[in-house]
Every structure is written in structure tokens, then in C-alpha cells.
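Tertiary structure, described
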Amino acid sequence: MSDDEVAPSSTAPVTQDHQPPERDITDGGPDMVQFLAADGTRVELTATNEPYAAYLEDVDQAAMKDMLRDLIMVRRVDAEGFALQRQGELGLWPSLLGQEAAQVGAGRAMRPQDYAFPGYREHGVAWCKGVPPENLLGMFRGVNHGGWDSNENNFHLYTIVIGNQMLHAVGYAMGAARDGDVGTGDPDRDTAVMAFTGDGGTAQGDFNESLVFASVTNAPVVFYVQNNHWAISEPNDRQFTIPPYRRADGFGFPGIRVDGNDVLASYAVTRHALERARSGQGPTLIEAFTYRMGAHTTSDDPTKYRISAEVDAWKAKDPIDRMTAYLTSEGVIDDAWVEQTEGEADQLAARIRKACQTMPDPPHEEMFAHVYAEPHTLIERESALFADYQAGFED
Amino acid sequence: MSTQSGAARGTSTGTRMTIAKALNAGMRAAMERDPKVVLMGEDVGKLGGVFRITEGLQKDFGEDRVIDTPLAESGIVGSAIGLALRGYRPVVEIQFDGFVYPAFDNIVSQVAKMHNRSLGALKVPMVIRIPYGGGIGAVEHHSESNESYFAHTAGLRVVTCSSTEDAYWMMQQAIASDDPVIFYEPKRRYHERGVLDLGEHGGQGVDLDDAPNQLDEAVVRVEGSDVTVLTYGPMVKVAHAAAQAAELEDGPSIEVVDLRSLSPLDTELIEESVRKTGRCIALSEAQTFSSITSELAAHVQEHCFYHLEAPVLRVGGYNIPYPPSRHEEVFLPDLDRVLHAVETLLAY
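For clarity, every value in this text was computed on a predicted model and none was experimentally measured.

Across its full length, chain A carries 14 helices and seven strands. For chain A, the share of sequence-separated contacts (at least 6 apart) that also reach a separation of at least 24 residues comes to 75%.

Right, dumping it as C-alpha cells:
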């Protein structure tokens, strides 16, 4: 990272039996792959980022502009979700604020046949996979548990139990390999799977078991850990003492730390890992080094556990400001383009708002409709009893 | 009302085989029928499982279809979910009843709920095989009857076999089901023999429509008129013995109902039997508190109240952790405890 960013001094409480090492949590260290510095200047090629530079060679100015557009749109979607919760239209909203580049970089590196297994904050990946943003709202409004068809966009339903989805991703990848959809050399056929979680998720047994299963089966899967530095109120040093990307080594496959606030780096590294997976070279673990600028969810109050100086330091590394500065300096965009794009984002937000407000409540009998795929006598009996009971109120 | 079938129809073309072999034959038939069926678990490949239930299948179907997994139950079930989402039909072996808990989260939170969560768009047609129950002199965690945890969970089907014939057919029906099925195998009965009659074709070309019963049907194993014993899995044999003993002594006439499916319960047959006899015992190896036998007692009193001559009694394991095996002879319900309950009911 550049030297001109001043990190806040640690204010972590020091106790006699636990003394965390002094650390600068804005510093990703020398292993972190970066192409755009926080001020929007291109980083010189080094031994760290050079292996991934080739994955940007065919990313022309139009493609970069599209990525910035994605970042702007995704941030606007997120802001609308937050606003809808505050206005009582949603029960909850998990904000991705700050993580846009990590998600858009990964999402844009995926091909249509690649399958994503998200946690519940991957609105940016959903956007890239073509899931209409309004479809994400149903579960937070309480009208369903997941309002999109996973197989339409190859984007699985959000998984709320942290870590379960990592194993589902590995199993799906094992299936893709069994189907012969790996290593054929056909770019429209070869398939990889992406498994998304966060720094907190790395502590789960399922996360670690998924690395074991992927390793021994050589599954075509990319583990994508967005290290946003906070698992609700718990910082990284409550989850691990070795950063996530280094853990991959112990499981026998590569781990890469990437600047998750740099959309170009996130894209290049993910593309590299996906190509490895599709060609049959097995799994990769990517740690996208980023920051959760907002609360864990709308129910959380981060002022109780973190200091504003830390947030301010990360604000200076904003993914959208960075890409905007870069593309402006390159003459690819100007203020008018930004203004126009933000106008489009506002239109999208209005569409989402309307869809949310007009989303019909589900008919109550739907509760019973999909518990089983085949007839189940208990459900049938209760469903009928429920209908009779409800009908008693109709007069 | 269904009555004894299959094995009892017994023809000269029937083959005597153990429940273990019948389970193996059922899986083999399912794998031959559907190339998407894959077996997964610890030691299921070369070894054929610690109970040899999958013996020979890896040799015949290859390592891609009979997968020796890492020793991690959540990983096994979790990755099987992914395979199912990709279009496979995983049949997962949990090595022993007491080892299923690391996978409990994935079974209850994901396997059971995926179809409901996706409003029917996603299916998880998975079978989770669990050898269960005691009576084999095992160390701790190897003798549990934890079926009520899963029967309590909406979205799962829970079944158990008690005979060679059911082992063969129910395994195939469970694999063919589009719902996830927890398949409990009565491990102390694995090596008991019964007749499998596949008719004149000798098993060639049989399909699931030939099965004597549907997966969710209960079956009357012994007809009787004084007391109904509702039971399943390893206790069917005990109930059968109790009915025979009572008959030999010109005692009460005991009807034995083998539930076979614990979720859903075949309440139609249960109610029919209890209305006929007027007395009911719910019998299981499991601890009785908050159990399948609790549910049976509740259901019978709710639906057969005016037909009951006496309260429903539960006979099961005592409500303690499964004891060291030197105790299991008195912990597990036996013929005497069943007959004692019968006497209690008739004394009302």
C-alpha cells in the first residue's frame, strides 16, 4: 500500500493475558495483489501483482467503465435496501458498503456457466450474475426465504448459516467434474464454482471441512473470503492469528490475498483462480482484503465496538473513488458520465423501491406448499385443518 | 389395511438373505437403474463400510460413484447437498448413529429446508443412512436411537426397515424419492435372514412398482384383537416374539404394527388398528421422553379417544444416556417388558 495513508493507532484494550500484536488493519502487507492504489494511480508491476497482469490485458477502457458502472449501481442498490429497512419496508438489510469492488471483481470474472454460492451480503455478485436486485428483497421483507431461481442465473440462494454454503459449493464442483465439465478446453463448457464467505466464516468447521474436501477431490472451486475485518463486533484477531489466504497452504492449494477495494485486482486474481479451476488444476483460496464500512446489518450498532478513525482510514481507500479517479485521469470518463450513471442508478433505485412496496404478501397456504417434493400426510392434514380454521373467520 | 406381504407370500423362488445383503442389493439395483446415484461416506469403498453394507459396490461401479470421503460428517452431508443440487442422488453413510451430530446442522438447516426455501425450485434427493440402536455390546456413541431429532424436523422423511424384504425395497424407494430421506438401519438385525422374493424374473427387470408396500406405509406384521403394539426397526422382532409368547400361553391377542415410516406416520393404519383393539403400546429402543413413542401416544389419544379401554403406554429406553453395554440387557425393552405393559393395559 502507499505510504501516505496514516493508519489509526490501535485502541484495542490491553489485558494481561491477551495482548494482540500491534497492527495496522488497513495494511494488506507485501503479499497483497494490487493494481490500483487508493489514490487511483496504477501500481507498478512487482513480483506480487505481475503474475495476474495478463488477466487485465484484454480489459479495455469500455470494460473498465462497465466495472465502475457496476460499482455505482451496486452501491445504489445497497443504499436503497438500507433506506427501505429504515422506512419499515424491510425487516433487515445486510449492507455491502465498502465491499463493492471485491464483489464486482469476482462477479465479473465468472462466466455464465460458473456457479456462485453466496452468504447473504453478496448483492454485488448477484448483480453481476444477472439476478434482479428487487428479487433480493423478498427474504428481508419476510415474504419468502429466497426469491430467485438459483439455476436461472447460477447464483444459489443466500445461505444464512455461516459456512454451510462452502460445502455445498464443493459438492456442486465435484458434480461438475463428474459431469465432465472441467478441463475440456471448451470455454463455454468448462465450469468452476465460487464459494463466498467472510473473515468470521473462516472459523467455522464447515469452512475448514470444505477446504479438505476440495483439496482431496481437486474440486473446481474458488473460495472467496471477503475479509471485511469485522464479524459483527469481533475483529480479525478473534477469528485467526494467521490470515486466511495463508491457510490454503496447509490444505495443499494456493492462497492469494488481493486488495478487495481494487476492482481490477479482484477481477484479475479471481479470473486466474477460475481458469485454474475450470482447467482441472483444482481449488484456490482468495482473501479479498476489504472493509465493512457500515454496520453488520441494520440491527447492529458498530459505534459500540469500533472507532471512527478506523472507518475514516478505510474511507480513504474507497473502491468507487479509486476507480473514478483512475478512469478520469485516463480520460475514459468525465463528470458528466458519472452524473449520468448516478442518474441511472437513481432510476434503478426507484424501480427497486416500487417493487418492494408493491410486493404482495404471500397467501398463507403457501407455508405448506413446498415442505416436501412428494405428498406427506402430516402436511396435507395440517394444511386442510388450517384452511378450515381460516375459513371460519370469513363470515 | 395392509397385511403381511412379500416374504410372507413366500414362494419357492424366494432367496434367503440377511438384511445387510438386502440393503446392499437395494443400493446396487438403484445404482444400476440411475447413473446419478452415488454413494458417499467413511470407508464405504474398498472396505465396504464398517458393516460391509456397501461391499463390492466400489469395485463394480468405480470410485466416482462410491466415494471414500474424508472423516468429517458435516463435510459429507454438506458436499452431498452440492452434488444433489447438481443433479446427483447421493446416498450418504453415517458410520454410527452417534456420529451424525457434526452433520446435524447441514441436515436440519439445509437438507430439510432447501425445497421449502426455494419454493420448490431446488430438490435435495438424498438418502442419509444411519445404522442405529443398541444390543451389540458397543462402546459409547455406537448404540443410539436418535430418530426423533430428525422426525421432528419438517422437510425430512424418516424411515426404518425391519426385514430383508423391506431393506431391499425401501432402500430403492428412498433413493428414488425426490425428498431427503433419513434411512435408519437396525444394526443388531443386520445379519438376520429373511426371504426376498423377486418373482419369476429373479430380480431382472423388477421396478419399484413391484414393491409390496409404499415407502410411507405401515404394515401389520401380526394380526391380533386385544392390544396394538406400534413399533419399528429392531423392536419389531421383540414385539413379534411377545405376540407369539402370548399366543402360546393362550394369553391376550397382540397385533404388531411395523411403522416403517416415522415421518410421515401412517396414521390411517395406526388408528384403524387401535380402534379395533382398544389398547395401544408404543414400543421403541429410544428414550421415551419427547420421542416417536410420545408422538404415537399423543396421536392415538387425540384420534382414538372413544375407542380406548386404557391409556396408551410407552415402552422404551429409560431416559438416561445410553448406558455402558453391561447394562443394555435391562436398558433395552425386551419381551418381558412388552408383556408386562400388555398385562397393565388389560388390568384397567
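What follows is about the domain arrangement of chain A. Looking at chain A, the domain boundaries give domain 1 (50–357) and domain 2 (364–395). Summarising the inter-unit geometry, the C-alpha centres of domain 1 of chain A and domain 2 of chain A are found 39 Å apart.

Residues and elements named next belong to chain B. Contact geometry for helix H8 (residues 235–248) and helix H12 (residues 335–346): axes closest at 9 Å, N-to-C directions at 60 degrees. Relative to H12, the element H8 is oriented oblique. Our pair here, H8 against H12, has a crossing hand that is right-handed. Facing Val238, Ala239, Ala241, Ala242, Ala245 and Ala246 of H8, the residues of H12 in contact are Leu335, Val338, Leu339 and Val342. Class assignment for the residues of the contact of H8 with H12 results in 10 nonpolar, no polar and no charged.

This paragraph deals with the pairing of strand S7 (residues 181–186) of chain B. Residue and element names in this part refer to chain B. Burial within S7 is extensive, with six of its six residues counted as buried. Residue alternation in S7 divides its side chains into two sets, Val181, Phe183 and Glu185 and Ile182, Tyr184 and Pro186, and both sets are buried. The pairing of strand S5 (residues 127–132) with S7 spans six bridges and is parallel. For isoleucine 128, the partnering residue across the bridge sits in S7 and is isoleucine 182. The parallel pair strand S6 (residues 157–160) and S7 is bridged by helix H7 (residues 164–176), and the resulting crossover is right-handed.

Another aspect to go through is the pairing of strand S11 (residues 254–258) of chain B. Residues in a regular strand project their side chains so that they alternate between the two faces of the sheet. Residue and element names in this part refer to chain B. The buried fraction of S11 is high, at five of five residues. Here S11 shows a buried face lined by Ile254, Val256 and Asp258 and a second buried face lined by Glu255 and Val257. Pairing between strand S10 (residues 227–231) and S11: five bridges, direction parallel. When the sheet's bridge partners are listed, leucine 230 is paired in S11 with valine 257. Handedness of the crossover joining S10 and S11 through H8: right-handed.

In this chain, Ser263(B) is followed by Pro264(B) through a cis amide linkage whose omega measures 0 degrees. Here Pro264(B) lies in the loop between strand S12 (261–263) and helix H9 (267–277). Despite not being glycine, Asn154(A) shows a phi value in the positive range, around 55 degrees. Relative to the helices and strands, Asn154(A) resides in the loop between helix H6 (150–153) and helix H7 (164–178). Residue classification places Asn154(A) among the buried positions, given that 21 C-beta atoms sit within 10 Å. In the Ramachandran plot, Arg52(B) falls in the positive-phi region, its phi being about 65 degrees despite a non-glycine side chain. Counting through the fold element by element, Arg52(B) comes out in the loop between strand S2 (37–41) and helix H2 (57–61). Residue classification places Arg52(B) among the partly exposed residues on the basis of 15 C-beta atoms within 10 Å.

Calculation criteria
- Residues numbered from 1 in each chain as written.
- Chains lettered and ligands numbered in written order.
- Predicted model: local features only at pLDDT ≥ 70, side-chain atom pairs only at ≥ 80, totals over all residues.
- Helix = DSSP H or I, 4+ residues; strand = E, 2+ residues; numbered from the N terminus.
- Contact = placed C-beta atoms within 7 Å.
- Domains from an automatic or database assignment.
- Axes fitted to C-alpha atoms, helices over the stretch in contact; angles between N-to-C directions.
- Parallel < 35°, antiparallel > 145°, perpendicular 65-115°, else oblique.
- Left-handed = near helix turned anticlockwise from the far one by under 90°.
- Nonpolar A, V, L, I, M, F, W, Y, C, P; charged D, E, K, R; others polar.
- Buried ≥ 20, exposed ≤ 12 C-beta atoms within 10 Å, placed from the backbone.
- Pairing = 2+ DSSP bridges.
- Right-handed = clockwise from strand over helix to strand, strands pointing away.

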